[in-house]
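As a plain string of letters, each chain reads:
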Amino acid sequence: MTDAPAIKAINLVKIYQSGGVPVPAVRGIDMRVESGEFVAIMGPSGSGKSTLVHMLGGLDVRTSGEIWIDGTRADTLSESGWALLRRQKVGFVFQFFNLVANMTVADNVELPALLGGVSPRQARERREYLLGELGLTERAAAAPAQLSGGEQQRVALARALANQPRLLLADEPTGNLDSRNTKDVLRLLSDVHRKGQTIVLVTHDARVASMADRVVSLLDGQIVDDGALPRTRRRPLGTVGDVVELRG
Amino acid sequence: MRAELRWIRADLRARRGQALLTILTVAGIVTALVTAATLLEDGTNPWRGLFTRGHGAHIWIHTKDTPDVVSLQGLDGVADIAGPYRSAPATLTGHGRKVPIALQETPAAFQAVARPLLREGRWLDVRDPDAVVVERSFARALGLRPGSPFPVTGLNGASHTLIVAGVAESGDQGFYPDWAPGLVWTLAGTLNVVEPAPGRTETVIGLRLADPDDTDLVVQRAVTALDNQVQRVSTWREVRASMELDNRLLGLLLALFGVAGLVAAALALANATGGRVLGQVRDIATLKSLGFTRGQVTRTLVAEHGVLGVFGIVVGLVAGRLITAYALPDTVVVPLSSGPFAAIALGTGLVVLGSVWLPAWRGGRTPPIPATPAAPPRGHLSRLARVALLVRLPPALVLGARDAFTRRTHALLTVSGVAIPMMMISIGLGSWATLDEFIRHPERVGQAAALTVRPGDLSADEARGRAAADPDVAALYPGAELDALVPWQTRTVRTRALGLSADPYPFPVVEGRIFRDRGEAVAGQGLLDLLGVHVGDRVRMTIGGTPLIVRIVGRVVEPEQDGEVLSFGLDSLAAKDAEPPQFYSLVLRSGADPAEVRDRLHDRALEVAQVVNPADRLSIIRLIIVALVVVLALIGLANLLTASALGLRDHAPDLAVLKAMGLTPRQVMATLVTGTGLLAVSGVVIGTVAGASLSTALIDLEGRESGVGAGIGRAPTPGMLVASVLVAVGASLLVTLIPARRAARARVPHSAR
Amino acid sequence: MRLPLLALLAKEPAHGYELKHALEKTFGSAYPSPNIGQIYVTLGRLEKDGYVRAVDVEQSNRPNKKVYYLTAAGREALENWVDEPTEGPRVRDEFFMKLVLAPLTGIADRMALVNRQRRHYLSLMRDLNELAEQTDPGNRVALLLIEGAMLHLQADLDWLERCQEELP
């Protein structure tokens, strides 16, 4: 089923209960992400974008609606069914990196591969390859706490990609990074995307969103805009002059 | 599996100290249990130790003539042979008494099988043909020591003056006077002198078996092999039975402590695991986002913490073995038998898994979204804190009081983590007080008389006269102990006629009243239970064919025979059983030393036995109480340490704010100490109160179950309680002080959340 | 462009083409390359104002070229420029006008306006991203300029979000 969309969501709804009062976070979202597509989800805080991406990865349970991942229906899965699905098909990157503090960088990256049932040797090779790609080879034995935020997020990215998942989900991956580290993570994201990785990410950062093929805007738990970015180039190459004028 | 192992390894490496503490806690408890059980087994069944150390023979065969050793040796199942030795009956004379003895030939060199264990003096030597070695229980009953003269009269009437060279123990024969005649070892030459006629001696031969379970079979074969020569056979089972002490009370007390230890261990483990799991909620959530299933997380946590527990169990079992083997070589001869050993291992194993499983299960239910940091609930001021505010306590105390109860479950766990060990400690102190009571007031447990005198070959009146003449003897009660057959029961019970109805022995009556008339009796709890009767009922039994009908008018504390004893006045007995009295129980003047009086009476040729106080038999319990109190205290402190570490984790962000607001390090420290200390102090107080009020009831319950009967339990003395509370509070404040101090000193960074 | 030219001349005297090259070299492709004619027009005005002085330099086989020198008045003007605080950027009020006024006329839907504007901003951002990638990593000035532009765009997008939330 190679032509099946990587993700399909049909009328997805999430309602939290807060002190007996139902609080809708996501109110009927239809969405389709093709294989190899890079989709950014934007929206003000509280618009339900994190909830949406958590539901797509099975971290949060949907209230109603359907979720299809890679042609299979996933919303009816049990918690452990979701866990098994995530192992094989979904990689997650979080805002606060969430590396397992007690494990070394190498262990963090090897963990999903081992979890997927790969032999320790294969897991090590994959880890060496990924850390090499991300320029972190010499940090393999370090503890996460010894790394800078940018390095930690790169390790988290390596961990998410360890099992070559069909789908990479990211929740504000640069939300906790300064602009220099953001640039590193961005370059990595665009690299893996160029190699065919499907990415759905929630972001507030226009730089991240502008790299996506498509931007989905949420407001109050609903999609208000969904479309590819226009190629509005009037010159072969734009300049900052479109945005900034140096007065003179 | 590999992913889980990787995680376990990393986590254990990150908290070596905590892991070590967990292992030590479990190991400590298991060690205490193994040691206690070993002491119990050994203390109540000396046969095992004696038999093992003496490399005893399982079967002893008495024959008229020397049997066919080769054919016995060839019997299937016989591993080795002791003897054959000649044995001759003789009489110990002197001080106007005659006591039958059995002289048994023995080689000068220690033999491989069934060697007596020399306790005092020296062994036999060919250069000293007049020497004998006396079996210890017999020597004690007769007041013999190395160097004592040992005048012996043979069957031919000739007297020989021998000398006691040594005192030895043996697992081949029961204790005197249960097992008579008294055993005396001599060299073959000495035996020939005392009994020159071979026809009047018999031969004993001991068979050591490869498998003790084959005893009956081998006995049968030996009897067949020896045809009609066999006169008498005794087996290790009989010896063991005769040596066994009634150990129900001891066993129950130990069981109580065992359960207490296990509960405390479970609590400690659950606390440690729970604290750890709470501390790594984010990591667990991350793992789940990576694809760990709920069950996998639970299994991983159980495995990680369970491995620590199991490791602790193994360490404890080994340590227990080593301690009983090397640290207590005098008390303990044989390691714990495999049954109880396996039971301890299995029981603690189950407790470990059970107590680890609950927090692990909760850990497994962590939602998989790691982005939400586990923030403690911001409670409003608790009522306690408001009170603290009202009475104008310093701000640090108010803040601490607020912190103490923000996390309800956590607070509850901490309080019970301190209260349960404290309660068990108080119960332990209660047991201690009970034992003290036994020793200080033996009359309250039915042992008003410290000595019993048997007339032996004197006339009863003469014995009575000689005993009464001693200045330290305050009162003297004639008595007889007889086995009575109870209708509908296949077994006999012990009846004890002691004192007269008009002048009854001071039994400790705890229910009803003492007997005042013929036909009235008092009984121990065990007997009431056995017969299913109550105070006020009539019982009917036969003693030596004579029917006896008595009405039970009271229940007494009865430390002997598991309480299955019926006591009444000597005048209730038929004259044939009552006259002359078998013995006299001597109540001594208060302050008199029973051992001294016993020696004086010995010198007057009386056969005197000193009553064994149950507390002496239970004395190993004191050792166990001390050990358990230490372990329990450690567990309580470990719980507290976990709690304060957790509290610190919750408050780390607050600390920065508090410092910024202008709290001095000292105030910050006071806040933290108050937070945990308040919980600790309430735990200590609750535990002590519960323990003190429970201990009397619990010990009485045990007394009742063991047949001794309710009425022995004593609460710990107020002094003991106050001391234990003070020590506990002090220690717990110290324990909370250490992390608090470190936290107050450290620069707390604003953690990125 | 007057004062940047004065600043370059304060460093050393130069003729028009040299000034154009200096500007391009300093700001890189991030800044719109100046037209040579525009530079000469500006220099002519500056000379008329007395801020610069032109000196003809003879060349062997080519026409004479004019080398410009900074005058004392020019230096003073330059110092005044450096000393006074620079105005902040102006809010893009044109879009805001559209957003507020267009729905009143019924010509356009506010949501559609915001969405279109956002897509536009994002595509601008993408252009900046590509520009940054093509810029020599050693050219700090150019990269800082691009980053400044990106941050302004981010602010515009945030403002857009606020507009979408607040305006019904």
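Residues numbered from 1 in each chain as written. Chains lettered and ligands numbered in written order. Predicted model: local features only at pLDDT ≥ 70, side-chain atom pairs only at ≥ 80, totals over all residues. Heavy atoms only, no water.

The name that an unreviewed UniProt entry assigns to chain C is PadR family transcriptional regulator, with the source organism given as Microtetraspora glauca.

Going by what an unreviewed UniProt entry lists, chain A is known as ABC transporter ATP-binding protein and is assigned to Microtetraspora glauca.

Caption draft 1: Expanded view of the overall build of chain A. Looking only at helices and strands, chain A features seven helices and ten strands. For chain A, with 248 residues in total, the buried portion stands at 57%. The long-range share in chain A, meaning contacts at least 24 apart out of those at least 6 apart in sequence, stands at 68%. Carbon and sulfur atoms form 48% of the exposed surface of chain A, whose accessible area is close to 10,000 Å². (Helix = DSSP H or I, 4+ residues; strand = E, 2+ residues; numbered from the N terminus. Buried < 20%, exposed > 50% of the residue type's maximum accessible area, 1.4 Å probe, protein only. Contact = heavy atoms within 4.5 Å. Areas by Shrake-Rupley, 256 points an atom, 1.4 Å probe, with all protein chains shown as cover.)

Caption draft 2: Summary view of the overall build of chain C. Scanning chain C from N- to C-terminus turns up seven helices and two strands. Reading chain C from its N end, one meets helices and strands in the order α-α-α-β-β-α-α-α-α. Counting only residues that meet the buried cut, chain C has 35% of its 168 residues in that class. At a minimum sequence separation of 6, the contacts of chain C that also span at least 24 residues come to 56%.

Caption draft 3: Representation of the nonpolar core. L168, L189 and L201 of chain A together with L122 of chain C are the most contacted members of the largest nonpolar core, which has 58 residues in total. One finds A113 of chain A together with A3, V30 and I425 of chain B within the second-largest nonpolar core, a separate group that totals 46 residues. (Core = buried A, V, L, I, M, F, W, Y, C linked by side-chain atoms within 4.5 Å.)

Caption draft 4: Spotlight on the sheet that holds strand β8 (residues 198-202) of chain A. Strand order across the open sheet formed by six strands is β6-β7-β8-β3-β9-β10 (chain A), with mixed pairing between neighbours. Unpaired on one side and paired on the other, β6 (90-93) and β10 (222-228) of chain A mark the two borders of the sheet. Neighbour-to-neighbour, the strand axes of the sheet open up by a mean angle of 15°, direction not taken into account. With four bridges connecting them, strand β3 (residues 38-42) of chain A and strand β9 (residues 214-219) of chain A associate as parallel partners. Paired with M42 of chain A across the strands is S217 of chain A, a residue of β9 of chain A. Contacts between helix α5 (residues 149-161) of chain A and the sheet are confined to β6 and β7 (167-171) of chain A, with β6 of chain A contributing the most and set at about 170° to the helix. Strand contacts of helix α6 (residues 110-134) of chain C: β3, β9 and β10 of chain A, with the helix running at about 45° to β10 of chain A, the strand carrying the most contacts. (Pairing = 2+ DSSP bridges. Axes fitted to C-alpha atoms, helices over the stretch in contact; angles between N-to-C directions.)

Caption draft 5: Spatial organisation of the pairing of strand β15 (residues 520-524) of chain B. Residues and elements named next belong to chain B. The buried fraction of β15 is high, at five of five residues. Across three bridges, β15 lies against strand β18 (residues 565-568) in antiparallel orientation. Bridge assignment links A523 to a residue of β18, and that residue is L566.

Caption draft 6: Representation of a nonpolar patch on the surface. Together, V310, V314, V318, L322 and Y326 of chain B make up a nonpolar patch on the protein surface, roughly 490 Å² of accessible area in all. Looking at where Y326 of chain B falls in the secondary structure, it is placed in helix α11 (residues 294-327). (Patch = residues over 30% accessible without salt bridge, like charges linked within 9 Å, V, L, I, M, F, W, Y side chains within 5 Å. Salt bridge = Lys/Arg side-chain N within 4 Å of Asp/Glu carboxyl O.)

Caption draft 7: Representation of the sheet that holds strand β5 (residues 72-73) of chain A in the model. Residue and element names in this part refer to chain A. Taken in spatial order, the four strands line up as β2-β1-β4-β5 in an open sheet, and their pairing is antiparallel. Among the strands making up the open sheet, the edge pair consists of β2 (21-33) and β5. Pairing geometry for strand β1 (residues 7-18) and strand β4 (residues 64-69), over five bridges, is antiparallel. Looking across to β4, one finds that A9 is bridged to I67. Packing against the sheet, helix α1 (residues 49-56) makes contact with β1, β2 and β4, and its axis sits at approximately 120° to β1.

Caption draft 8: Summary view of the pattern of salt bridges. All names here are of chain A. Overall, the coordinates contain 30 salt bridges over all chains when judged by the stated rule. A salt bridge links D75 to R62; its shortest N-O distance comes to 2.8 Å. Remark: R62 occurs in the loop between α1 and β4 and D75 occurs in the loop between β5 and α2 (79-89); sequence separation between them is 13 residues. Relative accessible area serves as the criterion here: at 7%, D75 is assigned to the buried category.

Caption draft 9: Main features of the packing of α5 of chain A against helix α6 (residues 179-194) of chain A. Residues and elements named next belong to chain A. Taken N-terminus to C-terminus, the directions of α5 and α6 make an angle of 20°; their axes are 9 Å apart at the nearest point. With respect to each other, α5 and α6 are oriented roughly parallel. The two elements α5 and α6 cross, and the hand of that crossing is right-handed. Note on element contacts: α6 touches α5 through N181, D184, V185, L188, L189 and V192, opposite G150, Q153, R154, L157 and L161. In the contact of α5 with α6, the residues fall into six nonpolar, three polar and two charged. (Parallel < 35°, antiparallel > 145°, perpendicular 65-115°, else oblique. Left-handed = near helix turned anticlockwise from the far one by under 90°. Nonpolar A, V, L, I, M, F, W, Y, C, P; charged D, E, K, R; others polar.)

Caption draft 10: Highlighting helix α3 (residues 105-115) of chain A. With eleven of eleven residues buried, α3 of chain A is to be regarded as a mostly interior element. Note on α3 of chain A: the residue one or two positions beyond its end, G117 of chain A, has a positive phi of about 90°.

Caption draft 11: Focus on the interface of chain B and chain A. Opposite the 28 residues of chain B that make contact, chain A presents 28 residues. For the pair chain B and chain A, the summed buried area comes to about 2,600 Å², and 60% of that belongs to carbon and sulfur atoms. Along the contact surface separating chain B from chain A lie five salt bridges. Contributions of two or more residues to the side of chain B that touches chain A are made by α1 (2-14), α10 (281-290) and α11 of chain B. The element best represented in the side of chain B that touches chain A is α1 of chain B, accounting for eight residues. Here the side of chain B that touches chain A is composed, by residue class, of eleven nonpolar, seven polar and ten charged. (Buried area = accessible area lost by both parts, 1.4 Å probe.)

Caption draft 12: Spatial organisation of the side chain of T674 of chain B. Residues and elements named next belong to chain B. With respect to the secondary-structure elements, T674 resides in helix α22 (residues 665-706). Take T674: its relative accessible area is 12%, and that puts it in the buried class. Within the structure, the side chain of T674 is placed 2.4 Å from the backbone oxygen of A670, a separation counted as a polar contact. (Polar contact = N/O pair within 3.5 Å; in protein donor to acceptor, adjacent residues only side chain to side chain.)

Caption draft 13: A look at unusual backbone geometry. All names here are of chain A. Despite not being glycine, N11 shows a phi value in the positive range, around 45°. You can see N11 is positioned in strand β1. Under the relative-accessibility criterion, N11 is labelled partly exposed at 43%. A positive phi angle, near 50°, is found at E172, a position not held by glycine. On the secondary structure map, E172 appears in the loop between β7 and α6. Using a relative accessible area of 13% as the deciding quantity, one classes E172 as buried.

Caption draft 14: Geometry of the confidence of the model for chain C. Residue and element names in this part refer to chain C. Per-residue confidence for chain C gives a mean pLDDT of 82, with 95% of residues at or over 70. No element of chain C has a lower mean pLDDT than helix α5 (residues 93-105), at 80, and none a higher one than helix α3 (residues 36-48), at 87. Predicted as a complex, the structure gets a pTM of 0.66 and an ipTM equal to 0.84. (pLDDT = per-residue confidence, 0-100.)

Caption draft 15: View of the packing of helix α1 (residues 2-11) of chain C against helix α2 (residues 16-27) of chain C. Residue and element names in this part refer to chain C. Two elements in contact, α1 and α2, have axes separated by 11 Å at closest approach and are oriented at 105°. Between α1 and α2, the angle falls in the class roughly perpendicular. Contact residues: α1 offers L5, L8 and L9, while α2 offers L19, A22 and L23. For the contact of α1 with α2, a count of residues per class yields six nonpolar, no polar and no charged.

Caption draft 16: Quick peek at the packing of aromatic side chains. Under the defined criterion, the tally for this structure stands at six aromatic pairs over all chains. Judged by centre distance (4.9 Å) and plane angle (70°), the ring pair of Y505 of chain B and F507 of chain B falls under edge-to-face. Grouping aromatic residues by their ring pairs yields a cluster made of Y477, Y505, F507 and F515 of chain B. Lying over the aromatic face of F341 of chain B, R321 of chain B brings its terminal NZ or CZ to 4.1 Å of the ring centre. Over the ring of Y69 of chain C we find R53 of chain C, and its NZ or CZ is 5.5 Å from the ring centre. (Phe/Tyr/Trp six-rings, centres within 6.5 Å; stacked < 30°, edge-to-face > 60°. Lys NZ or Arg CZ within 6 Å of the ring centre and 35° of its normal.)

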